Amino acid sequence: MLWKCSVCGFVYEGSEAPPKCPKCMSPKEKFAALSEEDAQKIYASDRTNDIHMEIIRLAMKIAKLAKEGIEINLDPPCVALFEQARDEAWIIKQRSKAEIAGHLGKGKW
Ligand SMILES: [Zn+2]
């Protein structure tokens, strides 16, 4: 069951509301149970946001590897490939970041 703090928006998972909000310290009475539908939306966006964050992590790893490859400078085609991978990793990362920011704005967190 999910409970939402009406003061700060913190979402708590448990069989009942917490004694105090872990974020803003409001008392238990400020929590309301979320409907099944709203809870499903939060669970679905929670997993989706985790996937975006994992993609961001992997894109940063690609950028780091590409940078190392550029520094080794074995031959021009290799360097060009690494530069392309670095630029594409940046795009992948920024796209997922923008999507997460969009979810936040729509309360999908
Ligand atoms: Zn709160």
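What counts and how
Sequence order as written defines the numbering, with residues in each chain counted from 1. The predicted nature of this model means local features are confined to residues of pLDDT at least 70 and side-chain atom pairs, given and counted, to a pLDDT of 80 or more, with totals for whole chains, interfaces and linings taken over all residues. Think of the side-chain values as coming from all heavy atoms in the structure, minus any hydrogens and water. Secondary structure counts use DSSP, requiring at least four H or I residues in a row for a helix and at least two E residues in a row for a strand, with both numbered from the N terminus. A helix is expected to span 1.5 Å for every residue after the first. Only protein chains enter the accessibility calculation, which uses a 1.4 Å probe. A residue is then buried if its area is under 20% of the maximum for its type, exposed if over 50%, and partly exposed in between. In this description, contact between two residues means that some pair of their heavy atoms is separated by no more than 4.5 Å. DSSP bridges decide pairing: two strands pair if at least two such bridges lie between them. Note on method: axes are straight lines fitted to C-alpha atoms, helices fitted across the in-contact stretch only, with angles between N-to-C directions ranging 0 to 180 degrees. What counts as a salt bridge is simple: a side-chain nitrogen of Lys or Arg found within 4 Å of a carboxyl oxygen of Asp or Glu. Where a domain begins and ends is set by an automatic assignment or by a domain database.

Novice: Describe helix α1 (residues 36–72), naming the residues involved and giving the relevant values.
Specialist: Because an α-helix completes one turn every 3.6 residues, residues spaced three or four positions apart along the sequence face the same direction. Its 37 residues give α1 an end-to-end C-alpha distance of 55 Å, which sits within 8% of 54 Å, the value for a rise of 1.5 Å per residue. Looking only at α1, the buried set comprises A39, I42, S45, N49, H52, I56, A59, A66 and G69. Contacts from the buried residues of α1 go to β1 (2–5), β2 (11–13) and α2 (76–105). Looking at the residues trailing α1, positive phi occurs at N73, about 55 degrees.

Novice: Just give me the short version of the sheet that holds strand β3 (residues 31–33), but keep the residues and values in it.
Specialist: Pairing is antiparallel across the open sheet formed by 3 strands, whose spatial order is β2-β1-β3. Every other strand in the sheet has two partners, leaving β2 and β3 as the edge strands with one partner each. Averaged over all pairs of adjacent strands, the angle between their axes in this sheet comes to 30 degrees, without regard to strand direction.

Novice: So what's going on with the pattern of salt bridges? Which residues, and what values?
Specialist: Summed over the entire model, instances satisfying the criterion amount to 5 salt bridges. We note a salt bridge from E54 to R57, for which the minimum N-O separation is 2.7 Å. Taken as a pair, E54 and R57 lie in helix α1 at a separation of 3 residues, close to a single helical turn. For the salt bridge of K67 with E71, the shortest nitrogen-to-oxygen distance reads 3.3 Å. In this pair, K67 and E71 are both assigned in helix α1, 4 residues apart and thus about one turn of the helix distant.

Novice: Before we move on, could you go through the domain arrangement of the protein chain and cite the residues and values that matter?
Specialist: In terms of domain boundaries, the protein chain breaks down into domain 1 (1–34) and domain 2 (45–109). Look at where the C-alpha atoms of domain 1 and domain 2 centre, and you get two points 35 Å apart.

Novice: Could you give an account of unusual backbone geometry, naming the residues involved and the relevant values?
Specialist: Of note, the phi angle at M25 is positive, near 65 degrees, even though the residue is not glycine. In this structure, M25 sits in the loop between β2 and β3. You will see that N73, though not glycine, has its phi angle at about 55 degrees, which is positive. Mapped onto the elements of the fold, N73 is located in the loop between α1 and α2.

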